[in-house]
Amino acid sequence: MRAETAKLVERAHEKTSWPTVEIDGMLLLQAPGLSGHRLKHAFTTRKGGNTPAPFDSFNLGRHDAAAQCWDDALENRKKLCAALAMPFNELRVPGQVHSKRVVFAEDAHQLKEVDAVATVSSNVPVLLHYADCVPIIIFDPRRSALAVVHAGWRGTAAMIASEAVTALVTRAGSEAWDLIAAVGPAIGSCCYPTSFEAAKSLASTVTDGELFITLRDGQPCPDLRAINAMQLLERGISTVDVSDLCTACNPQLFYSHRQSGGLTGRQGAIACLI
Ligand SMILES: [Zn+2]
């Protein structure tokens, strides 16, 4: 392996403990690399709302058909925006479908079947939802542009994080080196046995991809956070922060599709240019 690649592989696997803030009962994580810029952001936990089980207590998703779930999610989104001083009436929330589709908020009136939303506008908050999938915020402090990305295994295999970088380069004039990315809490390889087919397609997205798959009890367990970090580092991004928290290992803190057996809420990644 070339020394340069070995260094990137090592960096992609690095995970750090992120600072938390508590606002009005909500426990929010903030990536160190995104702090101190003209950007507001947060990765939410399940703490801070009044939503009853099994979506307790700060569910932001409207994935359940019940009207109560929809109402609660709306209230929680309002509460989140208010706490972060973001305009709720400008909030953009796409209908996610595990695609690799990236859309600029300025270019689209509706955000159906979109898994990454970018913007160059101030005061336009972007919120995406997760329950094990990888939340990623990509920010360009020089040109003031951002993208919020939803990368499950399908999105990761389709390299949606890299697609978001391409969108920022093309539409916002970003240069990869200027970008700062934050890869939030998601299911870890500790809790994510998957098929050989899925593992193979994930590994094929990065150089030395087999180094991102652990074999446990005969089953491949990919490190989705590290694979996304590696995709971003291989695009030339200078700073990639990766959270050390696994959503399935911490059911008291996070919604986890795997851990819950499927019936659970959604945490969020939200970002807004100032
Ligand atoms: Zn775990």
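Our structure is the block above this text.
Just so you know, these numbers come straight off a predicted model, no measurement behind them.

1. Brief notes about the coordination of the zinc ion
As a benchmark, a tetrahedral metal site with four donors has ideal angles of 109.5 degrees, while an octahedral site with six donors has ideal angles of 90 or 180 degrees. Taken together, the protein ligands of the zinc ion are Cys190 (SG), Cys191 (SG), Cys246 (SG) and Cys249 (SG), with distances of 2.2 to 2.3 Å. The site at the zinc ion holds 4 donor atoms, and with the angles between them running 102 to 117°, its shape is tetrahedral. Written as a sequence motif, the donor arrangement for the zinc ion is C-C-x54-C-x2-C. Of the residues examined, Cys191 reaches a relative accessible area of 23% and is grouped as partly exposed.

2. Remarks on the packing of helix 1 (residues 3-13) against helix 6 (residues 224-234)
Closest axis-to-axis distance for the helix 1/helix 6 pair is 8 Å, and the angle between their directions is 135°. On the basis of the axis angle, helix 1 is oblique to helix 6. Regarding helix 1 and helix 6, the two cross each other, and that crossing is right-handed. On the side of helix 1, the interface is formed by Thr5, Leu8, Val9, Arg11, Ala12 and His13, while helix 6 contributes Ala226, Ala229, Met230, Leu233 and Glu234. For the contact of helix 1 with helix 6, a count of residues per class yields 7 nonpolar, 2 polar and 2 charged.

3. Considering the environment of Ser260
With respect to the helices and strands, Ser260 occurs in helix 7 (residues 257-260). For the pair Ser260 and Ala248, spaced 12 residues apart in sequence, the C-alpha to C-alpha distance is 8.4 Å. A polar side-chain atom of Ser260 sits 2.7 Å from the main-chain carbonyl oxygen of Ser256. A distance of 3.2 Å separates the side chain of Ser260 from the backbone oxygen of His257, its partner in a polar contact.

4. Focus on the packing of aromatic side chains
Taken as a whole, this structure holds 1 aromatic pair when the rule is applied. The side chain of Arg171 reaches across the aromatic face of Phe104, ending 5.0 Å from its centre.

5. Topic: unusual backbone geometry
At the junction of Ala53 and Pro54, the peptide bond is cis and its omega measures out at 5° in the coordinates. Inspection of the secondary structure assignment puts Pro54 in the loop between strand 3 (39-44) and helix 2 (67-83). Here the bond from Asp56 into Ser57 is cis, since omega is -10°, no more than 30 degrees from zero. Its place among the elements puts Ser57 in the loop between strand 3 and helix 2.

About the criteria used
- Residues numbered from 1 in each chain as written.
- Predicted model: local features only at pLDDT ≥ 70, side-chain atom pairs only at ≥ 80, totals over all residues.
- Heavy atoms only, no water.
- Donors = N, O, S within 2.8 Å, 3.2 Å for Na, K, Ca; no water.
- Tetrahedral: all angles 85-135°; square planar, octahedral: opposite > 155°, others 65-115°.
- Buried < 20%, exposed > 50% of the residue type's maximum accessible area, 1.4 Å probe, protein only.
- Axes fitted to C-alpha atoms, helices over the stretch in contact; angles between N-to-C directions.
- Helix = DSSP H or I, 4+ residues; strand = E, 2+ residues; numbered from the N terminus.
- Parallel < 35°, antiparallel > 145°, perpendicular 65-115°, else oblique.
- Left-handed = near helix turned anticlockwise from the far one by under 90°.
- Contact = heavy atoms within 4.5 Å.
- Nonpolar A, V, L, I, M, F, W, Y, C, P; charged D, E, K, R; others polar.
- Polar contact = N/O pair within 3.5 Å; in protein donor to acceptor, adjacent residues only side chain to side chain.
- Phe/Tyr/Trp six-rings, centres within 6.5 Å; stacked < 30°, edge-to-face > 60°.
- Lys NZ or Arg CZ within 6 Å of the ring centre and 35° of its normal.

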